[in-house]
Structure formats: structure tokens, C-alpha cells
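Here's the letter readout for the chains.
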Amino acid sequence: MKEIRHHVIIACVAITIILGLFFRFANLGKKVYWTDEIYTSVRVSGHTIQEYSQDNFNGGIIQVKALQDYLQPRPQNGLSDTMKALVNKSEHPPLYYLMAHFWVRWFGNTPSVTRSLSALISLLVFPAMYWLCRELFASPITGWIAVSLIAVSPVHILYAQEARQYSLWTVTILLSCAALLRAMRMKTPGNWVIYAVTLSLALYSHLLSFLVLIAQAIYVAAMNRWRLTQQFKAYLFALTGAIVIFLPWFVLIREVRATGWTSKDIPLWILFKRWIFNLAAVFFDPQISYDKQLFDIRYGMDNGLFGLNYPLTYLVIPILLLVAYAIYFLIRTTPKQVWLFVLILISVTALPFALPDLLGRGQRSTIARYLIPSFIGIQLAVAYLLSVKITPSFAKTRQQKLWQVATIILISLGILSSAVSTQSETWWNKYTNYYDPQVAQIVNQSPTPLVISSSVVRTTSLSYWLNPEIQLIVIEAPPLPDNLNQFSDVFLFQPTNNLRAELEQQSPYQIKPVYELGWLWQILSPN
């Protein structure tokens, strides 16, 4: 009977992995290629944003096709140019971008191709998560359930389909955590070397890995009772090695530019609601209930409200309770070295964002990609809970069946969420580019439109939805071009507040709202 149950579990895991593979590669070119992904394409093609802007938007008109052709790999733009572009924005470590540089040179710099690298890298989370669970829990079944959860996790699939470094970062976090636990268990120099290498890879993937580093340091110190034991000395040598490996990039970091919009003040109830929705998105994505944008990071006027019209949103409540119980159960039933690791990983990597938002207001802690290490800790706790509860030796038969049903429901919610999100043109993680498909539909209906904007990157993002012959222009301030009468419609897209105010107050033209959700206006000639 145990063998049959084991085979059933393995078969279910295999199905979830297959679905996870499908979701990661499904419709890669269909979703909005948003602002951050444009930054990726510009840098891996060997350009800085300043060069890209000057070469394409110097007050003249450019067609969509010419704009996108500029991002294609060129023989004269080599690895050194990509490195120069990265040093100019040195808060982004180079590992992912160097990999992407070669990837697009081989296969082309299109949204689907560039995203496919992230999707491919994300497949490594399966063995990495399993390894971490074997080291932490010494339980194969916990590892398999954790793999199933991360395979169909909506938030992990979203970032696996994005031309950014977050799938690579997830893999390196898992590897460094597993390598640390193995080094502490095996106590051999070789394993500490492996840990140093994996930690340096995490640092070269994302600077927020320093929070993971701090969490791991606190864990090792606590497990050694804050004394300089042989194990702690070995850890310090490995840590020093990792930092030395990272040092060449560290010395190039001129400044870490804080993103201004993350400090925008939002109401506390919006902050708490986003926390709940982001946590739920690890297992179930509330966006499937809404046609409109879930998070409005520009104004803080979110659409994700609980209500009878959106019954699926209430699923976040039992998920929140499940997570809370999983952490409680973990603390009550596992040795200190297990629950302390998970608790430190969750808290140390999340509190630096949550506390400033609570005390000084802001929305840093509502940006899901910053919380990936914390999400991993939550998944570990839930995977442990489910693996124990569905095991006959622990739970009574009736309880065991109820928990088996709960496990199936939880994984099914991830499958449902991912099935919907992978087929959609836009999703909550596209933020200010969420409404680009609707904007493009309006512009494409015009016979000979001109799109005026004050944002180079946002205009490029929109261009992937526009007809190839549509013409674009970027200006920072009036005056407008003299030849506007030759166009059937002149649209103003994503202007700065200053540009729009100047056009409304000083220009002879009239500014008419067309689709304000997507920040689209029409410029009308004076009668």
C-alpha cells in the first residue's frame, strides 16, 4: 500500500512539473514587454539608455520597425559594450545580462527569445528546491511537494516569463541555501567552497542577495550560539571567499539608486491588502478575478477589492490562514535548526521592506519580486505541513484524506491561476504598462497616427503592440512639431505631468482624454 501511495505521489509531482514546464514557455511573446524588460534589451544589445534615447529620439520622427531593429544584435556591439552599459547602471549585477547578451546574439532580441532564457533558467528551480528540502527536512516527500508547489506557483511562473534576472536569482538563492546546510552538515572544506561559489553567484544575480547573506549569517551564528566555533570560522572563510569573488563588481558600484516610485505614500489598508494578495499569489493569483489592473503603483488606487462580484478573491483568506498555521506547525514539530532557518529566511529578507513602509510609508514591500527569498521560505513551511499531514504515520485516516484534498486544491489553484495568466496579454506585474494592449488597439485603428510621448522606454514598450508603420516622437517639452496636420490623429502617450500641463496651458492645441487608464490623450488642432 505504501508503494502504491508513493507511486501516486510521484505521478502527481510529474504532472505538476510537466504543467510547470508548459506554463513557463507558453505564449512567451504574447504579454506586454514592459519597461524593465526594455531596459534589459537595451543593455544586452550594448547600449546605455542615454545612447538609445539620443540615437532614436532626438526630436525627429521614427517608425516602430526602425526602433525595434535598433535593439537587434550588431557585430560592432560586443560584450564590452554590454559591460559598459551595466557599469553605468551598476546596481544591476552582470551575471544574467551577460548570459542574455550571448543568448540574443545567437537567437535574436525579440520578446519571446529574450524571455525564453529566463524560462529555461527557471527549470533549475525544480532540482534546487528538492535539494534544499532534502538538506533541511531530510524528507523526499517534502521535497516533492515543494517542487510541485513551485512548479505551478503563479508568482514564480510570472517571473520565469520575464526578461529579467529573477528566475536566475531564485535558482541561486535555493542553491546557496542548500549548499550552506550541506556544508554545515558535512563539515568538509570542499562543501564550504561550493557554498562560497553559490553565494557569489547569488550576489552576481541580484544585490538583494545581501539580505539572503545576512539571513544566512544570522542562522549560522545562532546555531553556533553566537560563539566562534570551528564551524563558524569555516563559514566566515567561505563568506570571505564569496565576497572576494564579488569584489570586482562591488568596486564598480558607484551608487545604488533607489527607485523613487517605491517610496510613494499609500494608505495603510492598501499596504495590508497588497501584502495579503502578494502572499496569496505564491499559491493563487487574485488577478484572475479582475479585468482591471490589480495594483496601481502610480496613484495607489488599487482595483483589487473584496466583494460579492469577485468571489475568488476570498480564497486569499484560507491561504493566509494556511500559511500562518504552516509556520506555527513548523515551529512546534521540527528541531530548532529547521524552523529557525525558515523563519529567518522569511523575516530577514522581508522586514527591511516592510518596516520602512509601515513607519515612513511607501510601497517597497508590495513589490513581489523583491520578496522572492521570503516566498521561498513560505513555500518551504507549507510544503512541510502538507507532507506531514498526508503521511499515514502522522495523521489519522480521516484527517489524512482531508489534507490530501487540501493539497490537491492548493496545487489546483496554482494551475488555474497560471493557466489564465499565461493566456493573458497583460498582468499585474506589468504595472504602469498594464493597459498598453488597449492603448495600442486605439492607436492602430487610426489610418495615419502619430504617437507623442516623453518616455523613451515606455514608447518602446508600446511599440511591440503597434502596427510597424506607425510613427513615434519623444519630446520633453513644447513646442510640438509643425507638421501635425499630415496625421489623421495625434496621440499623447504617457507624458510627464509637466509636459501635459504645459501643452494644456501654453499650446494652441487642445488635449482631450482618450483612455486615461492607459495614460492616452489626443491632441486636437485649434479650429
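Scroll up for the structure.
Residues numbered from 1 in each chain as written. Predicted model: local features only at pLDDT ≥ 70, side-chain atom pairs only at ≥ 80, totals over all residues. Heavy atoms only, no water.

A.B. asks: Break down the nonpolar core for me, citing the residues and quoting the values.
C.D. replies: Side chains of a nonpolar character, in soluble globular proteins, are inclined to be buried together. In this structure, Met129, Phe283, Phe341, Leu380, Val382, Trp428 and Leu472 are the most contacted members of the largest nonpolar core, which totals 149 residues. Among the elements that make up this core, the one with the highest residue count is helix 11 (residues 166-186) (13 residues). Core analysis: the next-biggest nonpolar cluster, separate from the first, contains 16 residues, Ile452, Phe487, Val490 and Leu492 among them. (Core = buried A, V, L, I, M, F, W, Y, C linked by side-chain atoms within 4.5 Å. Buried < 20%, exposed > 50% of the residue type's maximum accessible area, 1.4 Å probe, protein only. Helix = DSSP H or I, 4+ residues; strand = E, 2+ residues; numbered from the N terminus.)

A.B. asks: Let's hear about the pattern of salt bridges: which residues, and what values?
C.D. replies: Taken as a whole and assessed by the stated rule, the structure comprises twelve salt bridges. A salt bridge links Lys65 to Asp69; the shortest N-O distance between them is 3.0 Å. With Lys65 and Asp69 both in helix 4 (residues 64-69) and four residues apart, this pair spans about one turn of that helix. Among the ionic pairs, Arg185 bridges to Glu135, the shortest N-O distance being 3.0 Å. In this pair, Arg185 is assigned in helix 11 and Glu135 in helix 8 (residues 125-137), connecting sequence segments 50 residues apart. Taken together, the shared-partner salt bridges in this structure form one network comprising Glu37, Arg115, Glu162 and Lys430. (Salt bridge = Lys/Arg side-chain N within 4 Å of Asp/Glu carboxyl O.)

A.B. asks: Give me the side chain of Gln287: which residues, what numbers.
C.D. replies: Within the secondary structure layout, Gln287 lies in the loop between helix 15 (268-280) and helix 16 (316-333). According to the relative accessible area criterion, Gln287 is buried, its value standing at 1%. Separated by 3.0 Å, the side chain of Gln287 and the backbone oxygen of Lys292 make a polar contact. Here Tyr434 takes part through its side chain, which lies 3.4 Å from a polar atom of the side chain of Gln287. What Gln287 contacts, discounting residues up to four positions off in sequence, is Lys292, Gln293, Leu294, Trp427, Trp428 and Tyr434. (Polar contact = N/O pair within 3.5 Å; in protein donor to acceptor, adjacent residues only side chain to side chain. Contact = heavy atoms within 4.5 Å.)

A.B. asks: Tell me about the sheet that holds strand 3 (residues 471-474), and name the residues and values.
C.D. replies: Read across the sheet, six strands follow the order 1-3-2-4-6-5 without closing on themselves; strand pairing throughout is mixed. In this open sheet, the two edge strands, each paired with only one partner strand, are strand 1 (62-63) and strand 5 (510-515). Relative to strand 6 (residues 520-524), strand 5 runs antiparallel, the two sharing five bridges. Its bridge partner being in strand 6, Tyr515 is matched across the sheet by Leu520. (Pairing = 2+ DSSP bridges.)

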